[in-house]
Amino acid sequence: MEKTRIAIIGTGGIANAHMRAYLEIPEVEIVAGVDIIPGKAREYLDRYGLTKVPDFEDTEEMLKVIKPDAVSVCTYNSAHKICTLQALAAGCHVLLEKPMSITLDEAKEMVRAEKQAGKILTIGFQPRFDANSKKVKEIVQSGALGDVYYIQTGGGRRRGIPGRTFIDKDKAGVGALADIGCYALDFALNTIGYPKPLTVSAVAFDYFGKNPKYYPEAERFSVDDFSAAFVRLENSCVLDFRMSWAMHMDTTGDFIFLGKDAGLKVQQPHFELWGGAWDGPIGKITLMHDVFGKPTSTNIPLEKMEKSNLFYQKVKAFVDAVRTGGEAPIPTSQIIYNQAIIDGIIRSAACGHEVEVDL
Ligand SMILES: NC(=O)c1ccc[n+]([C@@H]2O[C@H](COP(=O)([O-])OP(=O)(O)OC[C@H]3O[C@@H](n4cnc5c(N)ncnc54)[C@H](O)[C@@H]3O)[C@@H](O)[C@H]2O)c1
């Protein structure tokens, strides 16, 4: 079978993780790099010794000249939609970085384009491949908790506002909520089978990002750094969501799943400044249940797994799906709900009351 020809669109920070993973897969050939900043794609390709692989500043032109089989879209969030639409229209499969988009309308447009193209569009949530995230899902799906009626996301960073394009409204669109909040949403929703969200009541703040005492680039900061929401889901389950890039606390709590028969507590591996965004490994899993009528806590042994491995697995799952004609490893049919909650949080925080999820 021929190699899968892949182009990277947006050659900034995370494009390096994509490249490292692709270079480990012998069935892949990197055929182009694109970045709107002149010289950036060239520098990126050269960094990996790909001096003969062409670089572009325009995605449309690259798609026309190179005709790749598939692309990784690694641009900042505000360019996710346009690059994904262009790639799908050119007949490419797409691995798109998280969050799927800024607005729900953008996500809906991408889903329509995906259906029209008949190609794979998958969203890059690598924590899905963590053995312990899978274990949490397995426990919940086994029915050990009974019906799950309440989930608290917990976690968050005490100090961890990123720099670069993450804090610009015109590039990232959303702050902590979309950057790391989308991971917490994916962990919660994927564990219980991605029920449809119904309503959202939310708040969002920017007290740290906008304060030069805490953040040196306060003048440039134009997104949220903390948000919390109460989300009603279709199966009578409630999601109590919190996420922070910065706060005067080590965590907003543990990740908990309350079921009618048992509960599950999932803890962060550490509570340091950047800890606990549910984008990495899990520290401890405890099943809280009654044994012969006595409340009992059972520690679930953890699987050992390297975080770096997760990125390879996400990229490999995409390549395998492309090569075998398989399904999207992380489908838009699920992630549209994640995006709908983010959209609901933004709208609810802006208007100051509960909103219906617009699906
Ligand atoms: N999965 C993860 O662990 C992870 C980690 C970090 C970032 N991300 C996601 O990856 C994306 C990029 O983040 P980053 O930190 O690499 O950002 P970045 O700003 O470092 O890089 C983005 C690059 O895209 C380029 N770009 C913008 N519009 C473009 C267009 N229309 N065509 C081609 N190139 C374009 C920019 O010039 C820039 O070089 C974001 O969506 C972010 O949420 C994911």
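Up top is the structure these notes are about.
Rules used in this analysis
Residues numbered from 1 in each chain as written. Predicted model: local features only at pLDDT ≥ 70, side-chain atom pairs only at ≥ 80, totals over all residues. Helix = DSSP H or I, 4+ residues; strand = E, 2+ residues; numbered from the N terminus. Rg over C-alpha atoms; globule rule 2.2 N^0.38 Å. Near = placed C-beta within 6 Å. Nonpolar A, V, L, I, M, F, W, Y, C, P; charged D, E, K, R; others polar. Domains from an automatic or database assignment. Pairing = 2+ DSSP bridges. Contact = placed C-beta atoms within 7 Å. Axes fitted to C-alpha atoms, helices over the stretch in contact; angles between N-to-C directions. Buried ≥ 20, exposed ≤ 12 C-beta atoms within 10 Å, placed from the backbone. Right-handed = clockwise from strand over helix to strand, strands pointing away. Parallel < 35°, antiparallel > 145°, perpendicular 65-115°, else oblique. Left-handed = near helix turned anticlockwise from the far one by under 90°. Arc of directions from axis to C-beta.

Draft legend 1. The overall build of the chain, seen in detail. Looking only at helices and strands, the chain has 10 helices and 15 strands in total. Its C-alpha radius of gyration of 20 Å places the chain within 12% of the 21 Å reference for a compact globule of 359 residues. Judged by the C-alpha coordinates and their principal axes, the chain covers about 70 × 50 × 35 Å.

Draft legend 2. Broad picture of the site of the ligand. Close to the ligand lie 27 residues; Gly10, Gly12, Gly13, Ala79 and Glu97 are nearest. Residue composition of the shell around the ligand, grouped by class: 11 nonpolar, 10 polar and 6 charged. The two domains that each donate at least three residues to the shell around the ligand are domain 1 (4–126 + 309–330) and domain 2 (130–305 + 340–356).

Draft legend 3. Looking closely at the sheet that holds strand 14 (residues 294–300). An order of 14-13-12-11-7-10-9-8-15 is seen for the 9 strands of this open sheet, with the pairing classed as mixed. Each edge of the sheet is formed by a strand with only one pairing partner; in this case those strands are strand 14 and strand 15 (355–356). Across 7 bridges, strand 13 (residues 284–291) lies against strand 14 in antiparallel orientation. Bridged to Met288 within strand 14 is Ser297. Where helix 8 (residues 181–191) meets the sheet, its contacts fall on strand 7 (148–152), strand 9 (226–233), strand 10 (238–244) and strand 11 (255–259), and the angle it forms with strand 10 comes to roughly 155°.

Draft legend 4. Expanded view of the sheet that holds strand 1 (residues 4–9). Here we have 6 strands laid out as an open sheet, ordered 3-2-1-4-5-6, and parallel in their pairing. What marks the edges here is a single partner per strand, and that holds for strand 3 (55–56) and strand 6 (121–124). In the packing of helix 3 (residues 59–66) onto the sheet, the strands contacted are strand 1, strand 2 (28–34) and strand 3, and the crossing angle to strand 2 comes to about 145°.

Draft legend 5. Expanded view of the pairing of strand 5 (residues 93–97). By the criterion of burial, strand 5 is predominantly enclosed, with 5 of the 5 residues buried. Every second residue of strand 5 is oriented toward a common face, with His93, Leu95 and Glu97 on one face and Val94 and Leu96 on the other, all of them buried. Two elements, strand 5 and strand 6, share 4 bridges in a ladder whose sense is parallel. Across the sheet, residue Leu95 finds its bridge partner in strand 6, namely Thr122. In the classification by handedness, the crossover that spans strand 5, the intervening helix 5 (residues 104–117) and the parallel strand 6 is right-handed.

Draft legend 6. Region of the structure containing the packing of helix 3 against helix 4 (residues 80–89). Direction vectors running N to C along helix 3 and helix 4 enclose 20°, while the axes themselves pass 10 Å from each other. Relative to helix 4, the element helix 3 lies roughly parallel. Where helix 3 crosses over helix 4, the handedness of that crossing is right-handed. Mapping the contact onto sequence places Thr59, Glu60 and Leu63 in helix 3 and Cys83, Gln86 and Ala87 in helix 4. Looking at the contact of helix 3 with helix 4 residue by residue, the classes come out as 3 nonpolar, 2 polar and 1 charged.

Draft legend 7. Up close: helix 2 (residues 40–47). All buried positions along helix 2 are accounted for by Ala41, Tyr44 and Leu45. With its buried residues spanning 95° around the axis, helix 2 presents them on a single face. On its buried side, helix 2 packs onto helix 1 (15–23), strand 2 and strand 3. Just downstream of helix 2 lies Gly49, where phi reads positive at about 75°.

Limitation: the analysis is restricted to geometry and does not speak to function.
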